[in-house]
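Structural characterization, general
What follows is the residue order along each chain.
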There are 2 protein chains.
Amino acid sequence: MGARSPRKNLDQSRAICRYVCEKHGEKGNRYLYGRNPLEKASIDEWVEAEGQSFNPPSSTLVFQLAFTPRMKIKQDEAAIKQSKEKLAKVLDVYDKRLAETRFLAGDHFSLADLSHLPNAHYLLASPDAAPLCTSSPNVARWWNDISSRHSWKKPVVHLSPAETHGNLLAARKKPCPNTD
Amino acid sequence: MGARSPRKNLDQSRAICRYVCEKHGEKGNRYLYGRNPLEKASIDEWVEAEGQSFNPPSSTLVFQLAFTPRMKIKQDEAAIKQSKEKLAKVLDVYDKRLAETRFLAGDHFSLADLSHLPNAHYLLASPDAAPLCTSSPNVARWWNDISSRHSWKKPVVHLSPAETHGNLLAARKKPCPNTD
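Residues numbered from 1 in each chain as written. Chains lettered and ligands numbered in written order. Predicted model: local features only at pLDDT ≥ 70, side-chain atom pairs only at ≥ 80, totals over all residues. Heavy atoms only, no water.

1. Side note on the confidence of the model for chain A
Residue and element names in this part refer to chain A.
- Per-residue pLDDT for chain A averages 84, and the proportion of residues at 70 or more is 83%.
- For chain A, helix α9 (residues 168-173) is the element with the lowest average pLDDT, namely 40, and helix α3 (residues 77-100) is the one with the highest, namely 97.
- For residues 165-180, every residue scores under 50 in pLDDT, and the model assigns this stretch 17 contacts once sequence neighbours within four places are set aside. (pLDDT = per-residue confidence, 0-100. Helix = DSSP H or I, 4+ residues; strand = E, 2+ residues; numbered from the N terminus. Contact = heavy atoms within 4.5 Å.)

Right under this line is the structure:
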């Protein structure tokens, strides 16, 4: 950062999302990262919740339930059990919040909701983890709402053959087209 | 958020910090949250690192080493050992980064550094945890640098009688002045 150490590469997904919103804030959905500092802060709170509370147990479950079977790695049953318990507590909080507001940060779809889509996509695709989400009525309604958006369905359609129909490992092993 | 559900209260410390920076970005230190989206993103990456990598083990250590003795709660030795191991790995990454740049996000003190101050303050005050920080030369240099800033020394002076001289529990039990 700064004149003496210019930094061009960003590696952290939430920082990249915030950057894109900051950089292109005037284009597209103006609610995505809020229209003023207070709306932005409300979104930041739920991006933080995703990063610190939702992501740890959900990414463990995604790895254990979606990836290990295809990678022929033994599942860690203790990690699955612990993560399910943690995620259930997190989703209880989410369900209460989503009983009050349509989306996590308020009345509008925002970066707060968007940041949950990737892991939630895999959780809902897993028969073992999906009930955690679908048994919370407001979480289930919220998930149906955000996952049915055209802007999410579009990339998922492209992912489907490889990543939602049981061919994860093959997709991961396939060389990148531009290096093939 | 928004017209139908105005949100006035923020509870999450990093969201509050970002809000203050956004709201008062034109005043004071212009580097605190970056001068453009790319600088801001670089800072966000390290605020994320603090929240997700540094905070979990360091807050466990702060609670176990600084608070439990004064609260007469038994220390969890396994949690202390595990957190020290995790924190050591995090500080290895920090030390490499701080070998390249003076501060975490580059050449200027920013919210990325600031967000580490509270937990680092307690870690450095603990004979049991301090060596984790002081044994990493660049982390030690960075800590001396950021903790010697007037803007940090000022609140620490006020904290000292209660929170750095062995009277944590008394301070926590003392009723809030306006309800006393």
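Here the narrative resumes.
2. Here we look at the interface of chain B and chain A
- Contact with chain B, which involves 36 residues of that partner, is made by 36 residues of chain A.
- Between chain B and chain A, a total of about 3,200 Å² is buried, with carbon and sulfur atoms accounting for 56% of that surface.
- Run the count over chain B and chain A and you get 6 salt bridges.
- Linking chain B with chain A are 9 residue pairs in polar contact (both at pLDDT 80 or more), by the criterion used here.
- Elements that contribute at least two residues to the side of chain B that touches chain A include exactly α1 (13-23) and α2 (37-71) of chain B.
- With 14 residues, the single largest contributor to the side of chain B that touches chain A is α2 of chain B.
- Class assignment for the residues of the side of chain B that touches chain A results in 10 nonpolar, 11 polar and 15 charged. (Buried area = accessible area lost by both parts, 1.4 Å probe. Salt bridge = Lys/Arg side-chain N within 4 Å of Asp/Glu carboxyl O. Polar contact = N/O pair within 3.5 Å; in protein donor to acceptor, adjacent residues only side chain to side chain. Nonpolar A, V, L, I, M, F, W, Y, C, P; charged D, E, K, R; others polar.)

3. Section: the relation of the copies chain B and chain A
- Rotating chain B by 180 degrees about the axis while translating it 0.0 Å along that axis superimposes it on chain A, leaving an RMSD of 0.0 Å. Classification of the inter-copy transformation places it as that of a two-fold axis. Minimal C-alpha separation from the rotation axis in chain B is found for Gln52 of chain B, amounting to 3.1 Å. (Least-squares fit on C-alpha atoms with pLDDT ≥ 70 in both.)

4. Focus on the packing of aromatic side chains
- Counting across every chain of the model gives 10 aromatic pairs over all chains.
- Taken together, the ring pairs connect Trp46, Phe54, Tyr94 and Trp142 of chain A into an aromatic cluster.
- Positioned above the aromatic ring of Phe109 of chain B, the side-chain terminus of Arg149 of chain B is 3.7 Å from the ring centre. (Phe/Tyr/Trp six-rings, centres within 6.5 Å; stacked < 30°, edge-to-face > 60°. Lys NZ or Arg CZ within 6 Å of the ring centre and 35° of its normal.)

5. Considering the pattern of salt bridges
- A complete count under the given rule lists 24 salt bridges over all chains for this structure.
- Measuring nitrogen to oxygen at the nearest pair gives 3.5 Å for the salt bridge that ties Glu22 of chain A to Lys40 of chain B. Of this pair, Glu22 of chain A sits in helix α1 (residues 13-23) while Lys40 of chain B sits in helix α2, on two different chains.
- Taken together, the salt bridges that share partners define one network made up of Arg14, Arg18, Asp44 and Glu50 of chain A together with Glu48 of chain B.

6. Section: helix α3 (residues 77-100) of chain B
All names here are of chain B.
- Taking 1.5 Å of rise per residue, the 24 residues of α3 would be expected to cover 34 Å, and the 35 Å separating its terminal C-alpha atoms lies within 8% of that figure.
- Residues of α3 that are buried include every one of Ala79, Ile80, Ser83, Leu87, Val90, Leu91, Tyr94, Asp95, Arg97 and Leu98, and no others.
- The elements touched by buried residues of α3 are α2, α5 (117-125), α6 (130-134) and α7 (137-147).
- Capping of α3 at its N-terminal end is provided by Asp76; its side-chain oxygen lies 3.2 Å from the backbone amide nitrogen of Ala78. (Expected span 1.5 Å × (residues − 1). Buried < 20%, exposed > 50% of the residue type's maximum accessible area, 1.4 Å probe, protein only.)

7. Comments concerning the environment of Ala66 of chain A
- Mapping Ala66 of chain A onto the fold places it in helix α2 (residues 37-71).
- Expressed as a C-alpha distance, the spacing of Ala66 of chain A and Ala125 of chain A, which sit 59 residues apart in the sequence, is 8.5 Å.

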